[in-house]
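Next come the chains, spelled out residue by residue.
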Amino acid sequence: MPTQYLFFLIILFVILIAVYKFGKLTLVGTLTGGLVAVCIFMGAGLRGILMLAAFFIMATIATSWKKDLKGKTHPEVRDAAQVLANGGIAALFGLVIWLMPASGDLMQILLASALSSATADTLSSELGTVYGRRFYNITSFKPDEKGGNGVISLEGTFIGIAGSMVIALIYALFSGWSREFCFIIIAGTAGNLLDSVLGATLERSGYIKNNLVNFLNTIFAALVAYLLLLI
């Protein structure tokens, strides 16, 4: 086993134990998160794992931040389904890179875009609820109750864009400054907005659940990034 893989696995093992002990993930969620991390590292290396780490750290902080203002009753601990909903597509792209190295450049951008969307969605919903002033239904643009499915705020949207910028920045630090930096931000924002549209329509109607909404927004972000690359 190459030294870098052994070093990575040791660090990952320590992190996973800490995450589980602090109650951020269930046991199965922790194991699933470890698998997602391994898949991303195998294909995207240090760049991929840093983007994943940035997402997880920001999402964890945002979820815990000012809980009393969010009116939530569910626990912060996340399960395997939630892990896959946010990181499953990125892990898949990591595997594709590992199996087909020739696709690396494209898949790296799609991977970053998927994580950009997951980050934007989590930050905008968690922190938008705290710092938003006016809340609107994304499909009707009429005032709505904060924290509801498909309800957005201007502040939350900008916070989500900032989260996407962090992921794009990490990508750019390894790949250089190019149009892909903007594409990752645009794709992440588009995925976040689709998440809200699906929340206001299909999720509110009971046709789909939140995990599927999150999974679909990462797929959509990757698709948007791919279409932008064709321009």
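In what follows, the accompanying structure is described. (Residues numbered from 1 in each chain as written. Predicted model: local features only at pLDDT ≥ 70, side-chain atom pairs only at ≥ 80, totals over all residues. Heavy atoms only, no water.)

A short note on the overall build of the chain
Point 1. Scanning the chain from terminus to terminus reveals seven helices and two strands.
Point 2. Expressed as lengths along the three principal axes of its C-alpha atoms, the size of the chain is roughly 55 × 45 × 30 Å.
Point 3. Counting the 231 residues in the chain, one finds 49% classified as buried.
Point 4. Here the contacts in the chain between residues at least 6 apart in sequence split such that 72% fall between residues at least 24 apart.
Point 5. When the accessible surface of the chain is summed, it comes to about 11,800 Å², and 71% of that surface belongs to carbon and sulfur atoms. (Helix = DSSP H or I, 4+ residues; strand = E, 2+ residues; numbered from the N terminus. Buried < 20%, exposed > 50% of the residue type's maximum accessible area, 1.4 Å probe, protein only. Contact = heavy atoms within 4.5 Å. Areas by Shrake-Rupley, 256 points an atom, 1.4 Å probe, with all protein chains shown as cover.)

Overview of a nonpolar patch on the surface
Point 1. A contiguous nonpolar surface patch, about 630 Å² in accessible area, is contributed by Leu46, Leu50, Leu169, Leu173, Phe174 and Trp177.
Point 2. Sorting the residues of the nonpolar patch by element identifies helix H2 (27-64) and helix H5 (154-175) as the ones contributing at least two each.
Point 3. At three residues, H5 tops the list of elements feeding residues into the nonpolar patch.
Point 4. With respect to the helices and strands, the residue leucine 50 is situated in helix H2. (Patch = residues over 30% accessible without salt bridge, like charges linked within 9 Å, V, L, I, M, F, W, Y side chains within 5 Å. Salt bridge = Lys/Arg side-chain N within 4 Å of Asp/Glu carboxyl O.)

Quick look at the packing of aromatic side chains
Point 1. Inspection of every chain in the model, using the stated rule, returns three aromatic pairs.
Point 2. An angle of 65° between the planes, with centres 5.2 Å apart, marks the rings of tryptophan 177 and phenylalanine 181 as edge-to-face.
Point 3. By relative accessible area, which is 59% here, tryptophan 177 ends up exposed. (Phe/Tyr/Trp six-rings, centres within 6.5 Å; stacked < 30°, edge-to-face > 60°.)

What about the side chain of asparagine 137?
Point 1. On the secondary structure map, asparagine 137 appears in strand S1 (residues 136-137).
Point 2. Within the structure, asparagine 137 has its side chain in polar contact with the side chain of threonine 139 (distance 2.5 Å).
Point 3. Contacts of asparagine 137, omitting those with residues within four sequence positions, involve Lys142, Asp144, Gly150, Ala200 and Arg204. (Polar contact = N/O pair within 3.5 Å; in protein donor to acceptor, adjacent residues only side chain to side chain.)

Brief notes about helix H3 (residues 80-99)
Point 1. The end-to-end C-alpha distance of H3 is 24 Å, clearly below the 28 Å that 20 residues give at a rise of 1.5 Å each.
Point 2. Of all the bends in H3, the greatest, near 60°, is centred on glycine 87.
Point 3. The backbone nitrogen of alanine 81 lies 3.2 Å from a side-chain oxygen of the residue at the head of H3, namely aspartate 79. (Expected span 1.5 Å × (residues − 1). Bend = angle between axes of the 7 residues up to and from the residue.)

Focus: the pattern of salt bridges
Point 1. Inspection of the entire model under this criterion finds two salt bridges.
Point 2. Aspartate 144 is the partner of arginine 204 in a salt bridge, and the nearest nitrogen-oxygen pair spans 2.8 Å. One end of the pair, arginine 204, is in the loop between helix H6 (179-203) and helix H7 (210-229); the other, aspartate 144, is in the loop between S1 and strand S2 (151-152), and 60 residues separate them in sequence.
Point 3. Given the relative accessible area of 27%, aspartate 144 is considered partly exposed.

Some points on the environment of proline 143
Point 1. With respect to the secondary-structure elements, proline 143 resides in the loop between S1 and S2.
Point 2. According to the relative accessible area criterion, proline 143 is exposed, its value standing at 69%.
Point 3. Sequence separation between proline 143 and glycine 156 is 13 residues; the distance between their C-alpha atoms is 15 Å.
Point 4. Apart from the residues within four sequence positions on either side, proline 143 is in contact with Phe135 and Tyr136.

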